[in-house]
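Analysis of the macromolecular model
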Amino acid sequence: PQRAGPSFLEIFMIRPLAAALLIVLIGAESAAAQTPRTLAALDELRAAAGGLSDAHLREETLAGLQSRPCVRHRAGLTAADEDVILAALRADGLMPASADGVQAEVQRLTVFPPLADGAACPALPQPLESAPGGNAGSHHDWPGGLVDHEVFNLRLGLALADLYEAEDGLPVDRDAVIGAVLWHDWAKALVLVWNDDGSLPPERPIAGAGAHHVLGLAEAMARGLPEAEILAQACAHAAPIGDDQRTVQNWLRAAAIISRTAWTVPAVPTRECLISNAADDNWVHAEAAVHAADAALARLAPRFGYPAADGPAYRTRLRNPMLETLGADRIKALSDVEGDAGVERALRAAGF
C-alpha cells in the first residue's frame, strides 16, 4: 500500500534536510540485485539505441541509458528558476494554485524531485537499472521493472511497425518509435525511488498525468530530441484523438515550461504516435500479472521464512528479489498452469 503523502513535518523539513534525503536515497543503490535478467534487458535497450539512424537521437539516448545519467532539464536550475516554472504551470492551469505553504512545497517536489549531485549536471537519484516500471501495486513494480517494461514495449512497437508497413506499404519512422519507447518512462527512475523498506513513494500528477510522463518529455526536449520522437513519446499515455488531443497538448506544454524550451508542434495522431500508444498498452496485462504474482508470493512467503506480514523483510528479502529474478508474467503463468507448487519449484530453482 502507498502512503497518502508526506506529513506536515516532513514537508516543513524537506528543504533544510535535502542533503540528508539524498543520503537516504543512496539506499536505492542496493534495491536492484542486477540479476542476469535485468542486465540482459538493459543490454537490449542499449543495442536498440545504438541502432538509431539519427546521430543526435542515438547519442542522447545512449547517454540516457547509462546507469546514472545526467538529468539535463535540471542542469543549472536555481531556486528562482523553479519559482518561475511553477508560476507558469499554475498560470496555464497545468497545476492547481497552491492553497498554502505545505501544498506549494509538495508541488515543488513533484516538479523538482531530489537528485544526486553532479559536477556539471545532476544525476538520477538511483541507477536506471534499479528503477521500477510502475508505482506500488502497478505493473512492473519491482527493481529492474522499468527495463523489463521497456523491452517488451520495444518488441511490441517494432512488431506493430512491421504490420503498419505491410498494410500500407509506407515506411514507419522507426527512430521515432524506438526513441519513444526508450524515453517514455525514463523519468520513473527520477520519481519512483525505492525506500529502504522496499516500498515506493506515491506519484503525484503534472498536467493530469503521472509526473514521470511530463518530466520524461521535459528531458527529451532539453536534450533536443527530434519532434517526431517527442510527439510519439507523449502519445504513450493517450492518443491525441477527440478530447485527448488537448490532454496530450497540455502534457507537451507543461514539458516545454519545465525544460524552458519552445514547443509549437500540434498533437496529432501520426502512425508513430499510435504505435507508441499501442505498445505501451502492455501495462494492462502486466498489471494483472503483478496482482496474480503478489497473491501467489504472499501465499508461499511463510515457506521461505519471510511472511508478507513482516512488511519490509518480505519486500526486500523475498517479494522484490523474486519478481526481479522471474518477472510477474512467469509467476502468473506458473500459478495458472501448475498452481503454488509450480511457483515454489521455480523460486527454489532460482536460489530462493
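A brief look at the structure comes next. (Residues numbered from 1 in each chain as written. Predicted model: local features only at pLDDT ≥ 70, side-chain atom pairs only at ≥ 80, totals over all residues. Heavy atoms only, no water.)

It is worth spelling out the overall build of the chain at this point. Of regular secondary structure, the chain possesses 16 helices and two strands. Its C-alpha atoms give the chain principal-axis dimensions of about 60 × 55 × 40 Å. Each of the 352 residues in the chain was classed as buried or not, and the buried ones make up 49%. When contacts within the chain are restricted to residue pairs at least 6 apart in sequence, those whose partners lie at least 24 apart make up 72%. (Helix = DSSP H or I, 4+ residues; strand = E, 2+ residues; numbered from the N terminus. Buried < 20%, exposed > 50% of the residue type's maximum accessible area, 1.4 Å probe, protein only. Contact = heavy atoms within 4.5 Å.)

What follows is about helix α8 (residues 174-183). Counting buried positions along α8 yields nine of 10 residues, so the element is predominantly enclosed. Among the residues making up α8, those that are buried are D175, A176, V177, I178, G179, A180, V181, L182 and W183. Buried residues along α8 sit against α3 (36-50), α4 (55-64), α7 (145-168), α10 (211-222), α11 (227-234) and α13 (271-279). Two or three places before D175, at the start of α8, stands the capping residue D173, its side-chain oxygen 3.2 Å from that residue's backbone nitrogen. (Polar contact = N/O pair within 3.5 Å; in protein donor to acceptor, adjacent residues only side chain to side chain.)

Let us look at the nonpolar core. Core analysis: the biggest nonpolar cluster contains 65 residues, and L89, I206, L252 and I258 have the highest contact counts within it. Of all the secondary structure elements, the ones that give two or more residues to this core are α3, α5 (79-91), α7, α8, α9 (188-191), α10, α11 and α12 (244-259). Counting residues per element, this core draws most heavily on α12, at eight residues. With 20 residues, the next largest nonpolar core counts L297, L300, L326 and L334 among its residues. (Core = buried A, V, L, I, M, F, W, Y, C linked by side-chain atoms within 4.5 Å.)

Moving on: empty space enclosed by the protein. For the structure shown, the criterion picks out one cavity of 30 Å³ or more. Considered as a void within the structure, the largest cavity measures approximately 40 Å³ in volume. Lining the largest cavity, in full, are L45, L65, L128, L146, V147, E150, L182 and W186. Residue contributions to the lining of the largest cavity peak at three residues, all from α7. Of the residues contributing to the lining of the largest cavity, the split by class is seven nonpolar, no polar and one charged. (1 Å grid on protein atoms, 1.4 Å probe; cavity = no way out; pocket = protein on both sides within 12 Å on 5 of 7 lines; lining within 4 Å. Points joined across faces, edges and corners; volume = space filled by probe spheres on them. Nonpolar A, V, L, I, M, F, W, Y, C, P; charged D, E, K, R; others polar.)

Moving on, we come to the state of the cysteines. For the coordinates displayed, the defined rule picks out two disulfides. In this model C70 forms its disulfide with C121; the gap between the sulfur atoms is 1.9 Å. Classification of the bridge connecting C70 and C121 rests on its S-S torsion, roughly 60 degrees, and on that basis the disulfide is right-handed. Taken together, the positions of C70 in the loop between α4 and α5 and C121 in the loop between α6 (101-111) and α7 put the pair 51 residues apart, joining distant regions of the chain. Considered together, C70 and C121 belong to a single accessibility category, that of buried residues. In this model, C235 is linked to C273 through a disulfide, with the two sulfur atoms separated by 2.1 Å. An S-S torsion of about -95 degrees defines the bridge between C235 and C273 as left-handed. With C235 in the loop between α11 and α12 and C273 in helix α13, this pair connects stretches of sequence that are 38 residues apart. Taken in sequence order, the bonded cysteines of the chain link in the pattern 1-2, 3-4. (Disulfide = S-S within 2.5 Å.)

Moving on: unusual backbone geometry. A positive phi angle, near 55 degrees, is found at H140, a position not held by glycine. In this fold, H140 is placed in the loop between α6 and α7. Relative accessible area serves as the criterion here: at 6%, H140 is assigned to the buried category. Backbone geometry at R260 places phi at a positive 60 degrees, although glycine is not the residue there.

Turning to the environment of G216, a few remarks are in order. For G216, the location among the structural elements is in helix α10. Sequence-wise, G216 and N250 are 34 residues apart; in three dimensions their C-alpha atoms are separated by 14 Å. The contacts of G216, once residues within four sequence positions are left out, are A187 and Q233.

Tallying each qualifying case throughout the model produces one aromatic pair. Summarising the aromatic geometry, the rings of W183 and W186 are spaced 5.3 Å apart at their centres and angled 50 degrees between planes, so their arrangement reads as tilted. You can call W183 buried: its relative accessible area is 1%. Residue W186 is classed as buried on the basis of its relative accessible area, which comes to 2%. Above the ring of F304, the side-chain terminus of R348 is found at 4.2 Å from the ring centroid. (Phe/Tyr/Trp six-rings, centres within 6.5 Å; stacked < 30°, edge-to-face > 60°. Lys NZ or Arg CZ within 6 Å of the ring centre and 35° of its normal.)

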